[in-house]
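# Overview (structure and organization)
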Amino acid sequence: MTHPETDVLVLGSGIAGLSTALGAAREGASVTVATKATQPKGASTWWAQGGIAVARKAPRQFKEDIHTASSGTSDPEALDVLVQNADAAVRDVLIDTLGVGFDTGGDGASFHYGREAAHSEDRILHVDASTGRHIHEPFLNYLAAHDRVEIRGDTAAIDLLAQNGTIHGALLKSGDAVQRLHAGATVLATGGIGALYGRSTNPAGATGDGIAMAHRAGAATADMEFVQFHPTVCVVDGDPFLVSEAVRGEGAVLRNAEGDRFMPAVHEDAELAPRDVVARAVEQAHERTGRVVLDVSSFDFAGTFPDLAAMCAEHGVDPSTGIPVVPAEHFLCGGVDVDTYGRASLDRLYAVGECARTGVHGANRLASTSLLEGLVWGLRAGTDAQGAAPREQPVPVSTTAAGSPPSDEALRGAFECLQRTMDVHVGLRRTPDGLQQARHDIRSVEADVKAWTDPSARRGVHELRSACTVARLIAEAAAANETSVGCHYMERSDAPPAS
Ligand code: SIN
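So, how was this worked out
- Residues numbered from 1 in each chain as written.
- Predicted model: local features only at pLDDT ≥ 70, side-chain atom pairs only at ≥ 80, totals over all residues.
- Heavy atoms only, no water.
- Near = heavy atom within 4 Å.
- Polar contact = N/O pair within 3.5 Å; in protein donor to acceptor, adjacent residues only side chain to side chain.
- Areas by Shrake-Rupley, 256 points an atom, 1.4 Å probe, with all protein chains shown as cover.
- Nonpolar A, V, L, I, M, F, W, Y, C, P; charged D, E, K, R; others polar.
- Pairing = 2+ DSSP bridges.
- Helix = DSSP H or I, 4+ residues; strand = E, 2+ residues; numbered from the N terminus.
- Axes fitted to C-alpha atoms, helices over the stretch in contact; angles between N-to-C directions.
- Buried < 20%, exposed > 50% of the residue type's maximum accessible area, 1.4 Å probe, protein only.
- Contact = heavy atoms within 4.5 Å.

Once that is clear, we can look at the site of the ligand. Every residue close to the ligand is listed here: Gln 49, Gly 50, Glu 116, His 230, Ser 244, Glu 245, Arg 275, His 330, Arg 365, Ala 367 and Ser 368. Measuring from an oxygen atom of the ligand, one finds a side-chain N or O atom of Ser 244 at 2.6 Å. One of the backbone nitrogen or oxygen atoms of Ser 368 is found 2.5 Å away from an oxygen atom of the ligand. When the ligand sits alone it has 260 Å² of accessible area, and the protein chains cover 94% of it. Each residue belonging to the shell around the ligand can be placed in one class, and the counts come to one nonpolar, six polar and four charged.

In spatial order, the strands read β11-β10-β15; together these three strands make up an open sheet with antiparallel pairing. Two strands lie at the open edges of the sheet, namely β11 (239-242) and β15 (326-332), each paired on one side alone. Adjacent strand axes in the sheet meet at a mean angle of 55° when their direction is disregarded. In terms of strand pairing, strand β10 (residues 227-236) meets β11 through four bridges, oriented antiparallel. Bridge pairing in β11 places Val 235 opposite Pro 240.

Another point: the pairing of β15. Within β15, seven of the seven residues are buried, which leaves it mostly tucked inside the rest of the structure. Of the pairings in the sheet, the one linking β10 to β15 comprises five bridges and is antiparallel in character. Residue pairing across strands places Val 227 opposite Leu 332, the latter belonging to β15.

Among the structural elements, Gln 84 can be located in helix α4 (residues 76-97). Along the primary structure Gln 84 and Val 376 are separated by 292 residues, whereas in three dimensions their C-alpha atoms are 9.8 Å apart.

A separate point is the environment of Ala 217. The residue Ala 217 is located in helix α6 (residues 209-217) in this model. Between the alpha carbons of Ala 217 and Ile 167 there is a distance of 8.3 Å; along the sequence they are 50 residues apart. Excluding its chain neighbours within four sequence positions, the residues that come into contact with Ala 217 are Leu 160, Ala 162, Ile 167 and Leu 346.

Here it is in structure tokens:
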């Protein structure tokens, strides 16, 4: 019996997945990229604002900044890999291959390097404050024209094809059609988990599918409690948009409803303190005074950040009176546990980008290192993954039919229930009692979803199934770690409310 196959199957189409595809295709492999996205905006990469950090001439300083932002928990070997490969990968792929036009300085010849929180020097290549889309669109176009790469949009992976500890591809769903795609190697590049929370900077499809599929197949995950919240997200009528850290790098300050600047009393680096510190302080100032704004009056906001000024205008926000901000879920530092080539704990399975835990970020990620991590690990995984032949015999998949499908209302209600418990109990500040309650709530949603799930179930059911699995992994990891570090902050349940 024949069945479709590819040398390397990449699940996801952000910078990590596309870099994997490029790395593998350059080695001569056939590559299939399967992605839920129907347009570039469906990948988090498109939304990235600040930019991509490089080492320039000070790799040691770059490493120290990443390590310090992680509260000393990042992995030294992973850091070496990131920093040693950073500048060459950016030059090779982004500049020479894709021709990304990073902003230049006043002379128009050399790059302009931006600064963001917890960076000790200017090292961030950017295009205005909308760097992601300027990388993502040319990357997609380049690979779409590549004769060894096929990109399948609107195609969700719903399970891995696992047999005896080896991964042989994935079960893909496009519309109502379900197909087994066998692969010599399978690379998860499915991005983040923003949809688990009520407020996130991620696209709506960020349901943690890759992590959930890997976990179900028996792969190890790590650092799942380290969920990063971005401190400055503006929400208008329920629609959140990120206000890049580059704005604080340029001199914007945070003020509470009384007009007071509160960050200098919290950390010596004030608004440029590590992201977890700023996010908690913003949340507390919001709770205490009812409003926090980003005061951009010290510089020419519209001239420096025209894209962000346009976004404010689109949302009816007048920056001259301060941009109202709250923290929102932004990035998962943990994920599928991988080595320096993106190899997971199961044979022929890789993970790259946000769904992977490489060890670079430890308990908290330094700004503008996620695109870089996706690029560096993607290239390495793609190069390493090619070469294994797809399995000849089809891997059996379960076809047990589920009960009756949920109504749209029931599905939405279950998703909102999951988000509510994550917001309340598994957010910026956690307590043992809250985490216990969250685990109870998640298990109850999971029980409903289990009864709804079989391969024929609609995509929303599979996404909720992934979201529940990942939510449970986060809540369990958080409950198991009593030490506050980086993004994981444990309050005593009996502590008085923050003043
Ligand atoms: C930002 O522009 O503030 C986000 C950058 C990042 O998350 O690395």
